[in-house]
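Chains, contacts and geometry: an overview
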Amino acid sequence: MAPIHTRFITLVLSLILLIHAGESDIRLDYYSESCPRAEEIIKKEVTKLYHIHGNTAVSWVRNLFHDCMVKSCDASLLLETTNKGLVSEKMSPRSFGMRNFKYVNTIKQAVEKECAMTVSCADIIALSARDGAVMLGAPYIAMKTGRKDSTESYAGVVEHFIPNHNDSMSLVLSQFQSIGIDAEGVVALLGAHSVGRVHCTNLVHRLYPEVDPTLDPDYAIYLKNRCPSPEPDPKAVEYSRNDRETPMILDNMYYKNILEHKGLLSIDQQLVSDPNTSPYVEKMASDIGYFHDQFSRALLVLSENNPLTDSQGEIRKDCRYVN
């Protein structure tokens, strides 16, 4: 056994490391002293933008997914391509159809006026997703802050982290599991498709040359009217909404639709056929409160994936560029 004084020193060092780790963690009310109105300002801007451009609320939720799934919740998603060799993650095929990035800087500028160089773009992504989800009908959740912004882009590996709509359910579950989100949480997060839309480019493979047999035939006729060509122009805004009845409400219609074989993407329909996910689909279809609870739980886990803290990152002045 080690001498008492050696064990004491080891214990003290361990406590110091624990205290340091605790200080660097993200936490609730991180800006309570440095920028007390930060969350209030972000919510105000999200609300204002929603009333002008309703689809921004959907964009904020998608931003969180695309940012946090790729290595870290660090706002690397927002970086633009530069002449210094940085390539934007927004150039990845996985980012196809994403929009409203310019309004992130609208929120950032409002926060900068209150507290310059204090609130990170990564926290703005997280909080705007939380507040955007509320605008769409999800419950409010307390969210930790204190993330720092990345100084690099991960454009080269985006496709390794962001699931593709044609991937197998086992692969998708594995990718989410790697950041701590279980099958129940995956089913809940995919419920965000309730307020989304799918570009024809991503669904025509289920319509042409033959209709996918797992797709409701009558619904396939409707989709062919929305997407009349098997080779749609990717620059054209041709799309179909996942939920035609309540397209801008984050409710459980998505689950009711896929149970009726009216999912747009292959991954949507796999939720019904895979035994690891189908029980949750049925439960969420019948209980919106359960869906909202699980969505909130999974969104929190997603928002806390490997955040940069302390000296690991920076506070960008402009979310589009490294300082």
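Residues numbered from 1 in each chain as written. Predicted model: local features only at pLDDT ≥ 70, side-chain atom pairs only at ≥ 80, totals over all residues. Heavy atoms only, no water.

If you look the protein up in an unreviewed UniProt entry, it shows as Peroxidase from Papaver nudicaule. In its Subcellular location (unreviewed entry) section, the UniProt record describing the protein reads: "Secreted". The annotation that UniProt attaches to the protein under Function (unreviewed entry) is "Removal of H(2)O(2), oxidation of toxic reductants, biosynthesis and degradation of lignin, suberization, auxin catabolism, response to environmental stresses such as wounding, pathogen attack and oxidative stress. These functions might be dependent on each isozyme/isoform in each plant tissue." (UniProt positions renumbered as here; feature names shortened; annotations may be inferred.)

**Let's talk about the overall build of the protein**
Each helix and strand counted, the protein has 13 helices and two strands in total. A compact globule built from 323 residues should have a C-alpha radius of gyration of about 20 Å, and the protein, at 21 Å, falls within 12% of that. Along the three orthogonal principal directions, the C-alpha set of the protein runs to about 75 × 50 × 40 Å. For the protein, the proportion of contacts with a sequence separation of at least 24, taken over those separated by at least 6, is 75%. Total accessible area on the protein is roughly 15,400 Å²; 55% of this is exposed by carbon and sulfur atoms. (Helix = DSSP H or I, 4+ residues; strand = E, 2+ residues; numbered from the N terminus. Rg over C-alpha atoms; globule rule 2.2 N^0.38 Å. Contact = heavy atoms within 4.5 Å. Areas by Shrake-Rupley, 256 points an atom, 1.4 Å probe, with all protein chains shown as cover.)

**Section: the state of the cysteines**
Evaluated as defined, the whole model comprises four disulfides. Paired through a disulfide, Cys35 and Cys115 show a sulfur-sulfur distance of 2.0 Å. Judged by the sign of its S-S torsion, about 85 degrees, the bond between Cys35 and Cys115 is right-handed. Of this pair, Cys35 sits in the loop between helix 1 (4-24) and helix 2 (38-52) while Cys115 sits in the loop between helix 4 (102-114) and helix 5 (121-135), and the two are 80 residues apart along the sequence. Judged by relative accessible area, which is 8%, Cys115 ranks as buried. The side chain of Cys200 participates in a disulfide bridge whose partner is Cys227; the two sulfur atoms lie 2.0 Å from each other. (Disulfide = S-S within 2.5 Å. Buried < 20%, exposed > 50% of the residue type's maximum accessible area, 1.4 Å probe, protein only.)

**Looking at the pattern of salt bridges**
On inspection of all chains with the given rule, the structure shows 14 salt bridges. Between Glu112 and Lys108 there is a salt bridge, and its shortest N-O distance comes to 3.0 Å. Of this pair, Glu112 and Lys108 both sit in helix 4, four residues apart, which is roughly one turn of that helix. Like Lys108, Glu112 is buried. The salt bridge partner of Asp123 is Arg147, with a shortest N-O separation of 2.6 Å. Within this pair, whereas Asp123 is found in helix 5, its partner Arg147 is found in the loop between helix 5 and helix 6 (158-161), the two being separated by 24 residues in sequence. (Salt bridge = Lys/Arg side-chain N within 4 Å of Asp/Glu carboxyl O.)

**Some remarks on helix 7 (residues 169-177)**
Within an α-helix, residues lying three or four positions from one another point in the same direction, as the helix has 3.6 residues per turn. Residues Met169, Val172, Leu173, Gln175 and Phe176 constitute the buried set of helix 7. Looking down the long axis of helix 7, one finds its buried residues gathered within 160 degrees of arc, a one-sided arrangement. Packing partners of the buried residues in helix 7 comprise helix 3 (56-68), helix 6, helix 8 (183-190) and helix 11 (266-273). (Arc of directions from axis to C-beta.)

**Looking at the UniProt feature "site: Transition state stabilizer" (unreviewed entry) in the protein**
The feature "site: Transition state stabilizer" (unreviewed entry), as annotated in UniProt, sits at Arg62 in this numbering. Summarising the element assignment, Arg62 is placed in helix 3. Judged by relative accessible area, Arg62 falls into the partly exposed class, the value being 30%.

**Considerations on the nonpolar core**
With 85 residues, the main nonpolar core has Leu64, Leu78, Ile181, Leu207, Tyr255, Leu271 and Phe295 as its most contacted residues. Of the residues forming this core, the biggest block, eight residues, is contributed by helix 5. What Phe295 contacts, discounting residues up to four positions off in sequence, is Val61, Ala133, Ala138, Ala188, Leu189, Ala192 and Leu250. (Core = buried A, V, L, I, M, F, W, Y, C linked by side-chain atoms within 4.5 Å.)

**Looking at the packing of helix 12 (residues 278-286) against helix 13 (residues 288-303)**
Between helix 12 and helix 13, the shortest axis-to-axis distance is 5 Å and the interhelical angle comes to 120 degrees. Comparing the axis directions of helix 12 and helix 13 gives the class oblique. Here helix 12 contributes Tyr280, Lys283, Met284 and Ser286 to the contact with helix 13, which in turn contributes Ile288, Tyr290, Phe291 and Gln294. Within the contact of helix 12 with helix 13, the residues separate by chemical class into five nonpolar, two polar and one charged. (Axes fitted to C-alpha atoms, helices over the stretch in contact; angles between N-to-C directions. Parallel < 35°, antiparallel > 145°, perpendicular 65-115°, else oblique. Nonpolar A, V, L, I, M, F, W, Y, C, P; charged D, E, K, R; others polar.)

**Regarding the packing of helix 2 against helix 3**
Their axes nearest at 8 Å, the elements helix 2 and helix 3 cross at an angle of 130 degrees. Compared by their axis directions, helix 2 and helix 3 come out oblique. From helix 2, Val46, Leu49 and Tyr50 reach across to helix 3, where they touch Thr56, Ala57 and Trp60. Tallied by class, residues from the contact of helix 2 with helix 3 come to five nonpolar, one polar and no charged.

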